[in-house]
Amino acid sequence: MWVQKRATGREFAELMNEFMSAVKQNYGEKVLIQFEDFANHNAFDLLAKYSPTHLVFKDDIQGTASVVLAGLISALKLVGESLADHRFLFLGAGEAGTGIAELIALEISKQTRAPLEEARKKIWLVDSKGWIVSLSQSNNAYIFPGLGLGLIISGAIRVHDDMLLAASEALAAEITLEHIEKGLTYPPFTNIRKISAHNAAKVRGSQNI
């Protein structure tokens, strides 16, 4: 069986340019492109390159960050505190962890009205490998269906940080006192249709679309 060699370097960049140009030309500004299963080092480059000109999203980066932030907001309901009351340490300063850290800083800045640079001082990233511990079962599917739907029905042509924060806040709002008493930081996944609908509405209502 013959297997075509995967494009890399300049060939990969040219292929993506051709594809992105063709998609936008054929389907217009509002076509939503999800970089599924791209390696993170490529995905970050693609998001940085195409976010200013296309409606693009990477679930494993932005979706993960939104779900983690929602879990933190939910967990803090138990102790009656806010994100700004805490410091956050990341074991490993990889691209995905950096994306999560940045979204946390954005939410702290939004809640406190402090400059983003000031909010970032609450977060530390250690450049070493270690175990990653989650709060409970974090699943990107809590975010991306609702976010995608919200982008489509809003007619957005770009994905902005406010939309990711809105999705996180909508998910965290689904956590009830009963869930918290059971030790849950995310709502039951059986409610995903309702959760996605609320996420979509919140994303649609966010600013800068």
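First, a word on scope: everything that follows refers to the structure included in this document. Computed from a predicted model, the values in this text were never measured in an experiment.

## Regarding helix α9 (residues 192-205)
Part 1 of the reasoning: The first and last C-alpha atoms of α9 sit 20 Å apart over 14 residues, in line with the 20 Å expected at 1.5 Å per residue.
Part 2 of the reasoning: When we look at burial in α9, the residues that qualify are I192, I195, S196, N199, A200 and V203. Taken end-on, α9 shows its buried residues confined to a sector of 135°, consistent with a single buried face. Residues of α9 that are exposed and point more than 90 degrees away from the buried face comprise R193 and G205.

## Details of the environment of A173
Part 1 of the reasoning: Inspection of the secondary structure assignment puts A173 in helix α7 (residues 161-173).
Part 2 of the reasoning: A C-alpha to C-alpha distance of 9.4 Å links A173 and H198, two positions 25 residues apart in sequence.

## Regarding the layout of surface pockets
Part 1 of the reasoning: Of the pockets and cavities examined, the second largest pocket occupies roughly 270 Å³.
Part 2 of the reasoning: Lining the second largest pocket are 14 residues, with I61, Q62, G99, D161 and L164 sitting closest to its centre.
Part 3 of the reasoning: Put simply, the parts of the chain that give the lining of the second largest pocket at least two residues each are α2 (40-50), α3 (59-79), α4 (95-112) and α7.
Part 4 of the reasoning: Per-element tally for the lining of the second largest pocket: the top contributor is α4, with 5 residues.
Part 5 of the reasoning: Its residues assigned to classes, the lining of the second largest pocket comprises 8 nonpolar, 4 polar and 2 charged.

Conventions and cut-offs
- Residues numbered from 1 in each chain as written.
- Predicted model: local features only at pLDDT ≥ 70, side-chain atom pairs only at ≥ 80, totals over all residues.
- Heavy atoms only, no water.
- Helix = DSSP H or I, 4+ residues; strand = E, 2+ residues; numbered from the N terminus.
- Expected span 1.5 Å × (residues − 1).
- Buried < 20%, exposed > 50% of the residue type's maximum accessible area, 1.4 Å probe, protein only.
- Arc of directions from axis to C-beta.
- 1 Å grid on protein atoms, 1.4 Å probe; cavity = no way out; pocket = protein on both sides within 12 Å on 5 of 7 lines; lining within 4 Å.
- Points joined across faces, edges and corners; volume = space filled by probe spheres on them.
- Nonpolar A, V, L, I, M, F, W, Y, C, P; charged D, E, K, R; others polar.

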